[in-house]
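# Working through the structure, step by step
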Protein chains: 2
Amino acid sequence: MSSSTDTASQAEINRLKLELQALKVEDGSEQIMLAQLGVTSMFGLPGDFNLGFLDLVEDHPTIDWVGNCNELNAAYAADGFGRVKEQSIGVILTTFGVGELSATNGIAGAFSEMVPVLHIAGVPSTMQQKTKPMLHHTLGDGRYDAYMKVAEQFSVAQAYLTNPATAAVEIDNLLTECMTKARPVYLTLPTDIVYDKISSARLKIPLSVEAFVLDKIEELVKAADGNVVILLDACVVRHHARKETKELVRKTGFPVYAAPMGKTAINESWERFGGIYVGSISHPEIKEKIESAKLILSLGSLKSDYNSGNFTYRIPTARTVELHSSWTKVQYSDHPGIGMKDLLPKLTSRLEAYKSAALRYDVPPFRAVVPQEDDNIISQSWFWPTMAKFFRPKDVIVAETGTSNFGILDVPLPNDSILLNQVFWGSIGWSVGSCLGAALAAKDKDLGRVVLFVGDGSLQLTAQELSTMIRKDLKPIIFVLNNSGYTIERYIHGETRKYNDITNWKWTSLLETLGDLDGTRSKSYTTNTKEELSNLLDDSEFASANKIQLVEVVMPMHDAPRALKVQAELSGKTNAYTK
Amino acid sequence: MSSSTDTASQAEINRLKLELQALKVEDGSEQIMLAQLGVTSMFGLPGDFNLGFLDLVEDHPTIDWVGNCNELNAAYAADGFGRVKEQSIGVILTTFGVGELSATNGIAGAFSEMVPVLHIAGVPSTMQQKTKPMLHHTLGDGRYDAYMKVAEQFSVAQAYLTNPATAAVEIDNLLTECMTKARPVYLTLPTDIVYDKISSARLKIPLSVEAFVLDKIEELVKAADGNVVILLDACVVRHHARKETKELVRKTGFPVYAAPMGKTAINESWERFGGIYVGSISHPEIKEKIESAKLILSLGSLKSDYNSGNFTYRIPTARTVELHSSWTKVQYSDHPGIGMKDLLPKLTSRLEAYKSAALRYDVPPFRAVVPQEDDNIISQSWFWPTMAKFFRPKDVIVAETGTSNFGILDVPLPNDSILLNQVFWGSIGWSVGSCLGAALAAKDKDLGRVVLFVGDGSLQLTAQELSTMIRKDLKPIIFVLNNSGYTIERYIHGETRKYNDITNWKWTSLLETLGDLDGTRSKSYTTNTKEELSNLLDDSEFASANKIQLVEVVMPMHDAPRALKVQAELSGKTNAYTK
């Protein structure tokens, strides 16, 4: 059996390679492949409907097959890759039904948070899709389209390949949608069709004239007489406008703030950067500065509950200009088609004249202050500012939903660092898979250390992916905030309820158990006191991150960062289990 | 904050308790609750949209909140519970979006394999569902119905509660569909609505007259002159027809066989039980017996690829009578509305007269023979028959997709044992979650030990759920077949490909790491040789299963059970990566 399988495989590979040539677009336009989009890692699991395609991936010179522990984790990893590696996409490959459906939540999160992810599902052959036999991984009632219907809910475009002749064009369209909309797309790859090169011509989008909009914005800026603030949010990052934004803030001198999902959109050490605005959750002085400004230039805003202090922005529309990925809103007027990335350089030219007026308004610096506390307990209020000193430029910081993504808000991050959070979708466990993808992308981009903050409860959802990090020789520093369960839920409801408890794990043996069999490739620590944690952070070998490290940080069960306490109070009111 | 939360919670609880009274159906009909359906365990995770309902669950006197590590595992656990606890259902509670979508694959599997599961999703309040704010766990585009569209693909009925006045009736209808169709149903529970008692009146289904069908079947049996075989399959188990089936086989004496999904539908020690029929994958003598019979009485058949030897049944329709859950097919004629469970007792009365004719046909006994092998390697061909001697009556045996569910096919199982497999849906990792649910249901039913067979690759998808087993003080024996990766995939395609490799884990420290912190509540073993494994199986303390135990069974990477080798050969041909 085994030798005949091998022979058959080889024959298929040869045939497929020939077919790839035939699939090339023949109009002489520029050819791109996934590899040319900067895809160096592909996530997913093998399954009997994707094995043939996997041969091509494994044989590819520059795309590495990561091979995750489960599909949800793989989707999170593709998301992390897509977030860190700008102008590229995350790619996940799953198998028909069982595999693709397990990835659903991860893909939906990428949709919600606008991360470009290509989901490829290996599916039965085109003939089987017509005849609909009762194959394994089917529902037994002939509905071969059920999984497509699911995918359509969480993707901006789909291609169900059935014809090699049109496959290249379909994939071209698909990737264009993925890149331009920064959201997931879905591709079914029958066992009898494969693909390769596609045209990149369509990735360039034409633009419209925007002089009218620029005039109107300038008018408002002029009238504000320097009292203008810039507010950065998610889509600055998602639509790759970091560079253009940096120019705007540098040349205008307008005070600049960020929403939670816009954190690290610009360097937080910038002298005119004032901190994080989250509506009523903001520090009062930040809230006052922004809400009293005569004009707010809002870049890439995404006003979800957790990103806006539970909808507590107090900024009148009459004083707002909103720049979005593909439209601009000036006070009450929408201007479709005028996108941020192209508008920003022109806006910067117009507005640099107002710099001297802007500089009359001072910006209190955004600083972390470690509080003096009498005990040795690792409190949330002590932990986060202490971490601020630990971070280095170019670090990639991944913060899990829960205490971590609230705690990190009050911490200024160093230059060229990147913060990953999932404030909108908020799926616990996301950070672990995402950290894997982020770490791989960080290597590509020559970034610094990867530092993950995850609660004990969240880590239990997706813990097995640490195993893949070990196998791929990645070296994140993983802080496990052990506060005995789902602390964020305790703040929302059921503070002492058993359903918010979890089983305690032996965290310091997790890395060894999950793959570092001889204990040489990882290191794990438990810190129970401020002193123990401080000493560890000061240890230069620890800080050098030369192997994968896990730090169990024992914290009080009922403690939470300031911002979470306020948010939970607001959120608990909204979700109150009353009518 | 904490004390005000507590006060608020208590006020809500009191209010909800009052509301529950109001929701009672007032027509005086019989009242049932989930608890009266035999639901003793509820699976899932807390989330901010289900916490209020969880208070009720936690306070319930007979329903235990299990609290899983992730939602996919929870869905598998509800599936396992629903499979073992007949006439009951599995229940999973998740939260809006992130939670429910993570469960998708598990619910789809329960749909495919016909397991009654109630999926309750805690969702935003009825007001929020109308105004559609940009809450966390939403897609950002106002599509609050996207998750419902997903659920509709994998459930036979849905109830989106919005009105307390109709909630009881809606839930009644929902549970009726769940029980009668043995498939998942989906319920959204807004934070401002809860429910309790429902009427059970509609659970009784009316029947039609079936004399005509019985005459026709008897005619065929008579013409067959004793050369009749019975073939049992999935729906005998799913539609709770075990007892009626037992009467038929006992009183008619017809030789009886089972498809993979019908294994343990009757006691395999029954003197007229001949083994497992899987089309071309069957042992040749079994195949010949069945395919040469003059009449095949097929009970509850489900002819999926892996359950039918890749569609290689060689049984002409002219010689077949098919009894299904809600219809009967005699040769070429369908008879809707005539269901197996009610037809069987009448059929038994008609056919017992043919017993003496039937006994002229002998049935070679279904036995496991441990092969004599010269080496000490634990081969698949040695392992499975060896396990046959280890099983005891009333054991619950869970076999993962892959080598395990093929290996177990050739093993006769003891009386009153139950085999759980997922031959049709085939989602790897399923067995771990399902084992948790099965173990809880087994306690309720006073069954014996729970024995899980799972490959190293599959266990990595869902391993964290071992943690929940420890917390719930369950004591399964877990055989981890460590054969260095996805062996079933190697047999299908890519035998030596890296994508079929996995990271090796320190299996024997897994239970301690995942919750048995002091090592007193679990025991783990590695067996490298036939001798080591034999000694362990003979150890009475091990066999008594008085704590949770994990046995790493080291097996050759490229070895597989007989049935898998044949199946993979057939399946590989079908899925060939060619046109």
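Only a predicted model underlies this, so the values are computations on that prediction, with no experimental measurement involved. (Residues numbered from 1 in each chain as written. Chains lettered and ligands numbered in written order. Predicted model: local features only at pLDDT ≥ 70, side-chain atom pairs only at ≥ 80, totals over all residues. Heavy atoms only, no water.)

## Describing the UniProt feature "domain: Thiamine pyrophosphate enzyme central" (unreviewed entry) in chain A
Look at the UniProt record and you will see "domain: Thiamine pyrophosphate enzyme central" (unreviewed entry) annotated at residues 216-329 of chain A. The annotated region residues 216-329 of chain A carries 29% helix and 21% strand content, and the separation between its end C-alpha atoms amounts to 11 Å. (UniProt positions renumbered as here; feature names shortened; annotations may be inferred. Helix = DSSP H or I, 4+ residues; strand = E, 2+ residues; numbered from the N terminus.)

## Description of the packing of helix 3 (residues 71-84) of chain B against helix 17 (residues 430-444) of chain B
Residues and elements named next belong to chain B. For the pair helix 3 and helix 17, the least separation of the axes is 6 Å and the interaxial angle reads 40 degrees. When the axis of helix 3 is compared with that of helix 17, the two are oblique. Read as a crossing pair, helix 3 and helix 17 show a hand that is right-handed. Residues Asn73, Tyr76, Ala77, Asp79, Gly80, Phe81, Arg83 and Val84 of helix 3 lie in contact with helix 17, whose contacting residues are Trp430, Gly433, Ser434, Leu436, Gly437, Ala438, Leu440, Ala441, Ala442 and Asp444. Partitioning the contact of helix 3 with helix 17 into residue classes produces ten nonpolar, five polar and three charged. (Axes fitted to C-alpha atoms, helices over the stretch in contact; angles between N-to-C directions. Parallel < 35°, antiparallel > 145°, perpendicular 65-115°, else oblique. Left-handed = near helix turned anticlockwise from the far one by under 90°. Contact = heavy atoms within 4.5 Å. Nonpolar A, V, L, I, M, F, W, Y, C, P; charged D, E, K, R; others polar.)

## Let's talk about the interface of chain A and chain B
With 105 residues of chain A in contact, the opposing surface of chain B contributes 107 residues. Surface buried jointly by chain A and chain B totals about 9300 Å² across both partners, of which 56% is contributed by carbon and sulfur atoms. Linking chain A with chain B are eight salt bridges. One salt bridge connects B:Glu58 with A:Arg497, and the closest N-O pair in it is separated by 3.6 Å. In this assembly, chain A and chain B are joined by 56 residue pairs in polar contact (both at pLDDT 80 or more). Here the side of chain A that touches chain B is built from residues that sort into 43 nonpolar, 37 polar and 25 charged. (Buried area = accessible area lost by both parts, 1.4 Å probe. Salt bridge = Lys/Arg side-chain N within 4 Å of Asp/Glu carboxyl O. Polar contact = N/O pair within 3.5 Å; in protein donor to acceptor, adjacent residues only side chain to side chain.)

## Some thoughts on the UniProt feature "domain: Thiamine pyrophosphate enzyme TPP-binding" (unreviewed entry) in chain A
If you check UniProt for "domain: Thiamine pyrophosphate enzyme TPP-binding" (unreviewed entry), the listed places come out as residues 419-499 of chain A in our numbering. Secondary structure content for residues 419-499 of chain A is 43% helix and 17% strand, while the C-alpha to C-alpha distance between its ends is 31 Å.

## Details of the sheet that holds strand 21 (residues 548-554) of chain B
All names here are of chain B. With parallel pairing, the six strands of this open sheet are ordered in space as 17-16-18-19-21-20. Since the sheet does not close on itself, it has two edges, and those belong to strand 17 (418-420) and strand 20 (522-527), each with one partner. Averaged over all pairs of adjacent strands, the angle between their axes in this sheet comes to 15 degrees, without regard to strand direction. Pairing geometry for strand 16 (residues 396-399) and strand 17, over three bridges, is parallel. Within strand 17, the residue paired with Val398 across the bridge is Leu420. Sheet contacts for helix 15 (residues 380-390): strand 18 (450-455), strand 19 (477-482) and strand 21; angle to strand 19, the most-contacted strand, approximately 175 degrees. (Pairing = 2+ DSSP bridges.)

## Quick word on the packing of aromatic side chains
Applying the stated rule across the entire model yields 42 aromatic pairs over all chains. For the ring pair A:Phe383 and A:Trp384, a centre distance of 4.9 Å and an interplane angle of 85 degrees mean the geometry is edge-to-face. Of the two residues examined, A:Phe383 and A:Trp384, each falls in the buried class. For the pair B:Trp384 and B:Phe453, a centre-to-centre distance of 5.0 Å together with 55 degrees between the ring planes defines the contact as tilted. Linking B:Trp384 in helix 15 with B:Phe453 in strand 18, this pair joins segments that are 69 residues apart in sequence. The exposure class of B:Phe453 is buried, given its relative accessible area of 0%. An aromatic cluster is present here, built from A:Phe383, A:Trp384, A:Phe390, A:Phe391, A:Phe453, A:Phe479, A:Tyr525 and A:Phe542 joined pairwise through their rings. Directly above the aromatic system of A:Phe390 lies the positively charged group of A:Arg449, at a separation of 4.3 Å from the ring centroid. (Phe/Tyr/Trp six-rings, centres within 6.5 Å; stacked < 30°, edge-to-face > 60°. Buried < 20%, exposed > 50% of the residue type's maximum accessible area, 1.4 Å probe, protein only. Lys NZ or Arg CZ within 6 Å of the ring centre and 35° of its normal.)

## Brief notes about the sheet that holds strand 14 (residues 327-330) of chain B
All names here are of chain B. Taken in spatial order, the seven strands of this open sheet run 11-10-9-12-13-14-15, and their pairing is mixed. Strands with a single pairing partner mark the edges of an open sheet, and in this sheet they are strand 11 (273-276) and strand 15 (333-336). The average angle at which neighbouring strand axes cross in this sheet is 15 degrees, direction not considered. Strand contacts of helix 11 (residues 242-252): strand 9 (228-232), strand 10 (256-258) and strand 12 (295-299), with the helix running at about 160 degrees to strand 9, the strand carrying the most contacts.

## Description of the relation of the copies chain A and chain B
When chain A is fitted to chain B, the best match, at an RMSD of 0.1 Å, comes from turning it 180 degrees and sliding it 0.0 Å along the axis. Accordingly, the operation relating the two chain copies is best matched by a two-fold axis. Considering only C-alpha atoms, the part of chain A nearest the rotation axis is A:Val150, at 2.7 Å. In this assembly, 99% of the residues forming the interface of chain A have copies in chain B that are likewise at the interface, indicating an isologous arrangement. (Least-squares fit on C-alpha atoms with pLDDT ≥ 70 in both.)

## Re the nonpolar core
Buried together is how nonpolar side chains tend to be arranged in soluble globular proteins. Counting residues in each nonpolar core, the largest one holds 136 residues, and the members touching the most others are A:Phe154, A:Leu466, A:Leu510, B:Phe154, B:Leu466 and B:Leu510. Ignoring anything within four residues of it in the chain, the contact list for B:Leu466 reads B:Val432, B:Leu459, B:Ile478, B:Leu510, B:Leu511, B:Leu514, B:Ile548 and B:Leu550. (Core = buried A, V, L, I, M, F, W, Y, C linked by side-chain atoms within 4.5 Å.)

## Examining the pattern of salt bridges
Residues and elements named next belong to chain A. The final tally for this structure, using the stated rule, is 58 salt bridges over all chains. Where Arg360 meets Asp225, a salt bridge forms, and the shortest distance between an N and an O atom there is 3.1 Å. Of the two residues, Arg360 is situated in the loop between helix 14 (355-358) and helix 15 (380-390) and Asp225 in the loop between helix 9 (211-224) and strand 9 (228-232); the sequence distance between them amounts to 135 residues. According to the relative accessible area criterion, Asp225 is partly exposed, its value standing at 41%. A salt bridge links Asp410 to Arg562; its shortest N-O distance comes to 3.2 Å. Of this pair, Asp410 sits in the loop between helix 16 (403-407) and strand 17 (418-420) while Arg562 sits in helix 24 (residues 562-574), and the two are 152 residues apart along the sequence. Overall, the relative accessible area of 23% leaves Asp410 in the partly exposed class.

## Observations regarding unusual backbone geometry
Residue and element names in this part refer to chain A. Residues other than glycine seldom take positive phi values, yet His240 does so here, at roughly 55 degrees. Its identity is not glycine, yet Thr264 carries a phi of approximately 70 degrees, on the positive side. Structurally, Thr264 is set in the loop between strand 10 (256-258) and strand 11 (273-276).

## Description of the side chain of A:Glu322
Residues and elements named next belong to chain A. Structurally, Glu322 is set in strand 13 (residues 320-323). Polar side-chain contacts of Glu322 include one of 2.6 Å to the side chain of His324. Setting aside residues no more than four positions away along its own chain, Glu322 makes contact with Ser298, Ser301, Lys303, Trp327, Thr328 and Lys329.

## A short note on the pairing of strand 9 of chain A
By the criterion of burial, strand 9 of chain A is predominantly enclosed, with five of the five residues buried. The alternating pattern of strand 9 of chain A places A:Val228, A:Ile230 and A:Leu232 and A:Val229 and A:Leu231 on opposite faces, both of which are buried.

## A closer look at helix 3 (residues 71-84) of chain A
For helix 3 of chain A, built from 14 residues, the straight-helix expectation of 20 Å at 1.5 Å per residue is met to within 8% by its first-to-last C-alpha distance of 20 Å. Where helix 3 of chain A begins, the capping side chain belongs to A:Asn70, and its oxygen is found 3.3 Å from the backbone nitrogen of A:Leu72. (Expected span 1.5 Å × (residues − 1).)

## Remarks on the confidence of the model for chain A
Residue and element names in this part refer to chain A. Counting all residues, the mean pLDDT for chain A is 88, and 90% of those residues have values of 70 or more. Across residues 14-32, where pLDDT falls below 50, the model places 41 contacts with residues more than four positions away in sequence or in other chains. Contacts of residues 195-207 to residues separated by more than four positions or lying in other chains number 45 contacts, the stretch itself having pLDDT below 50. Predicted as a complex, the structure gets a pTM of 0.88 and an ipTM equal to 0.86. (pLDDT = per-residue confidence, 0-100.)

## Concerning the environment of A:Gly426
Within the secondary structure layout, A:Gly426 lies in the loop between strand 17 and helix 17 (430-444). Residue class for A:Gly426 comes out buried when judged on its relative accessible area of 8%. Once residues lying within four places of it in the same chain are set aside, the contact partners of A:Gly426 are A:Thr401, B:Val98 and B:His137.

## Some remarks on helix 12 (residues 284-291) of chain B
Residues lying three or four places apart along an α-helix face the same way, a consequence of the helix completing one turn every 3.6 residues. Residue and element names in this part refer to chain B. Taken as a whole, helix 12 has its buried residues at Ile286, Ile290 and Glu291. Projected onto a plane normal to the axis of helix 12, the buried residues spread over an arc of 115 degrees and lie on a single side. Buried residues along helix 12 sit in contact with strand 9, strand 10, strand 11 and strand 12. (Arc of directions from axis to C-beta.)

## Looking at the pairing of strand 4 (residues 90-95) of chain A
Residues and elements named next belong to chain A. Counting buried positions along strand 4 yields six of six residues, so the element is predominantly enclosed. On strand 4, burial covers both faces: Gly90, Ile92 and Thr94 on one face and Val91, Leu93 and Thr95 on the other are all buried. Strand direction decides the pairing type here: strand 2 (residues 41-44) and strand 4, joined by two bridges, are parallel. The residue bridging Phe43 from the neighbouring strand is Ile92, located in strand 4. Across six bridges, strand 4 lies against strand 5 (residues 117-123) in parallel orientation. Bridge assignment links Gly90 to a residue of strand 5, and that residue is Val117.

## Details of the environment of A:Gly44
All names here are of chain A. Within the secondary structure, Gly44 is located in strand 2. Considered as a pair, Gly44 and Asn173 are 129 residues apart in the sequence and their alpha carbons are 23 Å apart. The residues contacting Gly44, other than those within four sequence positions of it, are Trp65, Gly67, Asn68, Ala74, Ile92 and Leu93.

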